[in-house]
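Here's the letter readout for the chains.
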Amino acid sequence: MIKKFFWEHASFLASIAAVELARGIFIVVAALLFTDLIVAADRSIIIFLFGALLIKIFIDNRREKFFQRLASTVRTSIRKKIHAAAFDHNQKKIANGELLTLIFDVTTSIDQFIVGVLPTISSIIILTPLILIVAAAVDPISALIFLITLPIAPFLLYLIGRAIGDRNSKAQALLIKLNADFDELIRAVPKLKMFRQTAPAIERLQSTSEKSAAAILDVLRLAFISAFALELITTLAIALVAVTCGLRLTAGAIEFRAAFFILMLAPEFFAPIRRLGAAFHSFVDARQSFDRLKPFLTVEKIPRGAVEKTRIPPSLTLQNISFTYPDKLSPTLAGINLSIDAGKITVITGESGSGKSTLLKLIAGLNRPTVGEIFINDLPMSKIDRQSLVEKIAYVPQQPHHFRTPVDGILNGETHNLSRGQLQRLGLSRALSKIERGASIIVLDEPTAGLDIDTEKIIIAEIKKAGRRRTIVIAAHRPAVIGIADRVIDLDR
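Residues numbered from 1 in each chain as written. Predicted model: local features only at pLDDT ≥ 70, side-chain atom pairs only at ≥ 80, totals over all residues. Heavy atoms only, no water.

(A) Here's a closer look at empty space enclosed by the protein. Evaluated as defined, the whole model comprises one cavity of 30 Å³ or more. Its boundaries defined by the atoms lining it, the largest cavity holds a volume of some 40 Å³. For the largest cavity, the full set of lining residues is Leu428, Ala431, Leu432, Ile435, Ile442, Leu444, Ile463 and Ala466. Among the elements that line the lining of the largest cavity, the one with the most residues is helix H12 (residues 420-436), at four residues. (1 Å grid on protein atoms, 1.4 Å probe; cavity = no way out; pocket = protein on both sides within 12 Å on 5 of 7 lines; lining within 4 Å. Points joined across faces, edges and corners; volume = space filled by probe spheres on them. Helix = DSSP H or I, 4+ residues; strand = E, 2+ residues; numbered from the N terminus.)

(B) Local environment of the packing of aromatic side chains. The tally for this structure, following the rule as stated, stands at six aromatic pairs. Arranged with centres 5.0 Å apart and planes meeting at 90°, the rings of phenylalanine 269 and phenylalanine 270 form a pair that is edge-to-face. The pair phenylalanine 269 / phenylalanine 270 is uniform in exposure class, with both members buried. Ring geometry for phenylalanine 323 versus tyrosine 325: centroids 4.7 Å apart, planes at 85°, classification edge-to-face. For tyrosine 325, a relative accessible area of 25% corresponds to the partly exposed category. Connected via pairs of aromatic rings, a cluster forms that spans Phe34, Phe256 and Phe260. The positively charged end of arginine 62 is found above the aromatic ring belonging to phenylalanine 66, 5.9 Å away from the centroid. (Phe/Tyr/Trp six-rings, centres within 6.5 Å; stacked < 30°, edge-to-face > 60°. Buried < 20%, exposed > 50% of the residue type's maximum accessible area, 1.4 Å probe, protein only. Lys NZ or Arg CZ within 6 Å of the ring centre and 35° of its normal.)

(C) Summary view of the environment of glycine 116. With respect to the helices and strands, the residue glycine 116 is situated in helix H4 (residues 96-138). Considered as a pair, glycine 116 and glutamine 68 are 48 residues apart in the sequence and their alpha carbons are 9.9 Å apart.

(D) Here's a closer look at the packing of helix H5 (residues 140-149) against helix H8 (residues 198-251). Axis separation between H5 and H8 bottoms out at 10 Å; the angle between their running directions is 160°. Comparing the axis directions of H5 and H8 gives the class roughly antiparallel. When you trace H5 past H8, the crossing you get is right-handed. Residue-level inspection shows Ile141, Ser142, Ile145, Phe146 and Thr149 of H5 in contact with H8, the latter providing Ala237, Leu240, Val241, Thr244, Cys245 and Arg248. Taken together, the residues that form the contact of H5 with H8 break down as seven nonpolar, three polar and one charged. (Axes fitted to C-alpha atoms, helices over the stretch in contact; angles between N-to-C directions. Parallel < 35°, antiparallel > 145°, perpendicular 65-115°, else oblique. Left-handed = near helix turned anticlockwise from the far one by under 90°. Contact = heavy atoms within 4.5 Å. Nonpolar A, V, L, I, M, F, W, Y, C, P; charged D, E, K, R; others polar.)

(E) View of helix H13 (residues 453-466). Here H13 spans 20 Å end to end across 14 residues, near enough to the 20 Å set by a 1.5 Å rise per residue. Residues Thr455, Glu456, Ile459, Ile460, Ile463 and Ala466 constitute the buried set of H13. Projected onto a plane normal to the axis of H13, the buried residues spread over an arc of 135° and lie on a single side. Every exposed residue of H13 that faces more than 90 degrees away from the buried side is listed here: Ile453, Asp454, Lys457, Lys464 and Lys465. (Expected span 1.5 Å × (residues − 1). Arc of directions from axis to C-beta.)

(F) The sheet that holds strand S2 (residues 333-340), seen in detail. Judged by pairing direction, the sheet is antiparallel, and its four strands sit side by side in the order S2-S1-S4-S5 without closing on themselves. Looking at strand neighbours, the two that pair on one side only are S2 and strand S5 (379-380), the edges of this open sheet. In terms of strand pairing, strand S1 (residues 316-323) meets S2 through five bridges, oriented antiparallel. The partner of leucine 316 across the bridge, within S2, is isoleucine 340. Contacts between helix H10 (residues 356-364) and the sheet are confined to S1, S2 and strand S4 (371-376), with S1 contributing the most and set at about 125° to the helix. (Pairing = 2+ DSSP bridges.)

(G) Seen up close, unusual backbone geometry. The residue asparagine 320 is not glycine, and still its phi comes out positive at about 50°. Using a relative accessible area of 42% as the deciding quantity, one classes asparagine 320 as partly exposed. Residues other than glycine seldom take positive phi values, yet glutamate 446 does so here, at roughly 50°. If you trace the backbone, glutamate 446 turns up in the loop between strand S7 (441-445) and H13.

(H) Up close: the pairing of S1. As paired strands, S1 and S4 are joined by five bridges and run antiparallel to one another. Within S4, the residue paired with serine 322 across the bridge is valine 371.

(I) Just the side chain of serine 122, in detail. Residue placement: serine 122 occurs in helix H4. We classify serine 122 as buried; its relative accessible area is 10%.

(J) Molecular detail of the environment of alanine 213. Within the secondary structure layout, alanine 213 lies in helix H8. By relative accessible area, alanine 213 is classed as partly exposed at 44%. Between the alpha carbons of alanine 213 and leucine 175 there is a distance of 8.7 Å; along the sequence they are 38 residues apart.

(K) Seen up close, the confidence of the model for the protein. For the protein, per-residue confidence averages 78 on the pLDDT scale, and residues scoring 70 or more make up 80% of the total. Here residues 299-308 is modelled with pLDDT under 50, and outside its nearest four sequence neighbours on either side it reaches 20 contacts, counting other chains as well. Across residues 406-410 the pLDDT falls below 50, and counting only partners more than four positions away or on other chains, this stretch makes nine contacts in the model. (pLDDT = per-residue confidence, 0-100.)

(L) Quick look at the sheet that holds S7. The sheet built from five strands is open, its strands ordered S6-S7-S8-S3-S9 with parallel pairing. Two strands lie at the open edges of the sheet, namely strand S6 (393-396) and strand S9 (487-490), each paired on one side alone. The mean inter-strand angle of the sheet, taken between neighbouring strand axes irrespective of direction, is 15°. One ladder, built from four bridges, connects S6 with S7; its direction is parallel. Residue isoleucine 393 lies in a different strand from S7, and its bridge partner there is isoleucine 441. Sheet contacts for H10: strand S3 (345-349), S6, S7 and strand S8 (471-475); angle to S7, the most-contacted strand, approximately 160°.

Encoded structure:
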């Protein structure tokens, strides 16, 4: 999964590699100039050294912005894919606790990986070999010490990582449970208050919270130990290089200029390893996060644009449709076979609970049939790209949602609630807007329920006006709506 991430963002990473290489070159140049300043004590070198340090600071700033931009791009992309999977009824239903964890905690861990770990990895891949090559050209013995001591830290991280992995998985599982419990508590507050059961619910949430905190603290404790161990190993490695150079300098086996230059490079050579120790917990967390995101990032895409090739207005055919809600044992609809004529107004009638709203959601593409297939002309709806399907269907539910904004009058702390008729006309206005953008199927669920006769007449007039060269499906029980139908289908029969 991490390999796929690198391939998908190759352009970003190529820019980062170029910046990292330039940064490494100026680190070497600055070390060389500082060495010359100490050896020759030439004031003119100070100007070049100051210029090299300014350029390095500028490069570091650009490097940081590169990684922040990459993190923002990846975060947005991942959240869009999670949202798409959450509303895709072909995918397995995502529990609320897991969804909250994916959207916030898992995505944040990817953020931390890009901003904190990826710069360190880029330094290890580019800066470390560059310094090793320069050190080998100046003093092969010191370069050999660099090369021998370098693998110790990654091997230690591998051992620690195996211990952290299991504990991190346990911490994430507890975090998912905590999010699920909190979501359940928020939803159940009215009922808990009604039956005076708020105290046990709060105690359960507090218990889960304490367990989650303890698990996370356990992981952080190991992360601290790993960082401390790497600091100790890299410090000893730098000390080994320093002692070796000192003894050889005393024996006359190395020049002062070369020894000082190597000592300037040694901390920069081991700096990425030190940072990796501090960020290793983020690396382990991100690796497990990538694994958990895999089902959402590898969803097979259906070719877009299939609906544009269909005849307008289209016909609808329902073949052996059955639908069962995830939390139900018995199907709401079973064995439905219907043909809905193109360019006509078809009204679905039936008793309350007969499945009219469910059938309309299936036709609108909001739900997918448990069994059977819906065809738009001769094209299976399941083979049509979801975005293309949304563009071609205008759906108005029984209760259109009203998004409150300052335009609605929230200026003095007051809100103006819309009446049932105003909500229905708002829903129809949205449908008309989609029709102007090319929607050819209109699905209306009880568009005049609860309205007075005058408002009903206005709504019906708008429906008839919108129905020119459109296929309209309406769930209704009021005679005035049934009266404008070209065909009436009784779902009870």
